[in-house]
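Fold and geometry: a report
Each chain, letter by letter, is given below.
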Amino acid sequence: MSTVTENVQEVLADIKKYSIYPERVKLVAVTKYPIVTKDKLEELMKNGIFTFGENRVQVLEEKLELLGEEKNKIKWNFIGNLQKNKVKYIINFIDMIQSINKLSLAQEIDKRAGKIGRKIDVLIEINLSGEDSKEGYDLEEFYKDIPELIKLENLNICGLMTMAPNTDDENLIRGSFKKLREIKEEVNNKFKNNLTELSMGMSGDYKIALEEGATIIRIGSKLYE
Ligand SMILES: *Cc1c(COP(=O)(O)O)cnc(C)c1O
C-alpha cells in the first residue's frame, strides 16, 4: 500500500475508534499543499474520498485544472478566509463554505447564490482561541449577528467550524472543541435552529475532536506524509 491509502485507512479506522457517532462523521481531505499532486488526488478518490478542502480560491482553481473532467466528482469545501470579491468564482460549484466569518461575507454569498438559484451549505467559523492569526467570528459578534444570518434565504447554515488553539496542551484543545459543541446547542435552543454539523479536528488533534463530537474532520498533512 502506498502512503495516501495507508493514511486514509488509518484515519477511517480512527473515526470508528474515537467518535461517539462514527456513522455521522465525514472526512474532508485538505488538498491545499503543493505536495498534493494529481496522483495523490486520484489515490484519495480510489479510497472513496470525494470531499476536498481548499483554503484559497486560486489554489482551488489550479486543482480544477489538474483534475479535468474528474473535478465534477468532487464535493469542494472552502475552508479558508474568503474575500467577498472571490465569491463569484466558486459560487457555481462549491459544495460547502465552512468559513463564514462575517455578516457581509454571508450576505455576498446569499446574493450570488440567489442569482443562480442555488442554496449553499455553510458553516460559521468561530475563533475560540483568541489568536489573531486564526480566522473566524469573535463569539460576541457572532451572537450579535445570528438574527441577520438566519434570515439569509439562500444559505443553509448547517453548523459551526473552529480551529483549536496552537498548543500542545490537550486540555486547552479539548476545551475549545467542547465549547464549540456547547455553542451549537445554545444556538439551537435560543433560536430554534437546527445546526447539526461540528467541523473540528485537523491532523494533530482529530482524535480529541472525534471524542468531543466532531461530525466533520479536516485532515491535510497526515494524509501525505
Ligand atoms: C490546513 C487546514 C487544515 C488541515 O490541516 P492539517 O494540519 O494539515 O491537517 C484544516 N483546516 C483548515 C481551516 C486549514 O486551513
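Residues numbered from 1 in each chain as written. Predicted model: local features only at pLDDT ≥ 70, side-chain atom pairs only at ≥ 80, totals over all residues. Heavy atoms only, no water.

Digging into helix H6 (residues 139-149)
- Of the positions making up H6, those classed as buried are Phe142, Asp145, Ile146 and Leu149. End-on, the buried residues of H6 take up no more than an arc of 140 degrees, which puts them together on one face. Away from the buried face of H6 by more than 90 degrees, exposed residues Glu140 and Lys144 are located.
- Turning to H6, the residues buried within the fold contact helix H5 (103-115), strand S5 (120-125), strand S6 (155-161) and helix H7 (170-190). (Buried < 20%, exposed > 50% of the residue type's maximum accessible area, 1.4 Å probe, protein only. Helix = DSSP H or I, 4+ residues; strand = E, 2+ residues; numbered from the N terminus. Arc of directions from axis to C-beta. Contact = heavy atoms within 4.5 Å.)

Quick notes on the environment of lysine 75
- Inspection of the secondary structure assignment puts lysine 75 in strand S3 (residues 75-78).
- Lysine 75 gets classed as partly exposed once you look at its relative accessible area, which sits at 45%.
- The spatial distance from the C-alpha of lysine 75 to the C-alpha of isoleucine 94 is 7.2 Å, given a sequence separation of 19 residues.
- Beyond its immediate sequence surroundings of up to four residues, lysine 75 is in contact with Phe50, Thr51, Phe52 and Asp95.

Thoughts on the pattern of salt bridges
- Under the criterion given, the structure shown has 13 salt bridges.
- Glutamate 70 is the partner of lysine 73 in a salt bridge, and the nearest nitrogen-oxygen pair spans 3.3 Å.
- Linking arginine 181 and glutamate 212 is a salt bridge whose minimum nitrogen-to-oxygen distance equals 3.2 Å. Residue arginine 181 is found in helix H7, and its partner glutamate 212 is found in the loop between helix H8 (206-211) and strand S8 (216-219); the two are separated by 31 residues along the sequence.
- One continuous salt-bridge network, built from bridges that share partners, spans Glu170, Arg174, Arg181, Glu211 and Glu212. (Salt bridge = Lys/Arg side-chain N within 4 Å of Asp/Glu carboxyl O.)

With respect to the site of the ligand
- Neighbouring residues of the ligand: Val30, Lys32, Tyr33, Ile79, Met163, Met202, Ser203, Arg218, Ile219, Gly220 and Ser221.
- A distance of 2.8 Å separates an oxygen atom of the ligand from a polar atom in the backbone of glycine 220.
- Between serine 221 and the ligand, the recorded distance is 2.8 Å, taken from a backbone N or O atom to an oxygen atom.
- Coverage of the ligand by the protein chains reaches 90% of its 390 Å² of free accessible surface.
- A per-class count over the shell around the ligand returns six nonpolar, three polar and two charged. (Near = heavy atom within 4 Å. Polar contact = N/O pair within 3.5 Å; in protein donor to acceptor, adjacent residues only side chain to side chain. Areas by Shrake-Rupley, 256 points an atom, 1.4 Å probe, with all protein chains shown as cover. Nonpolar A, V, L, I, M, F, W, Y, C, P; charged D, E, K, R; others polar.)

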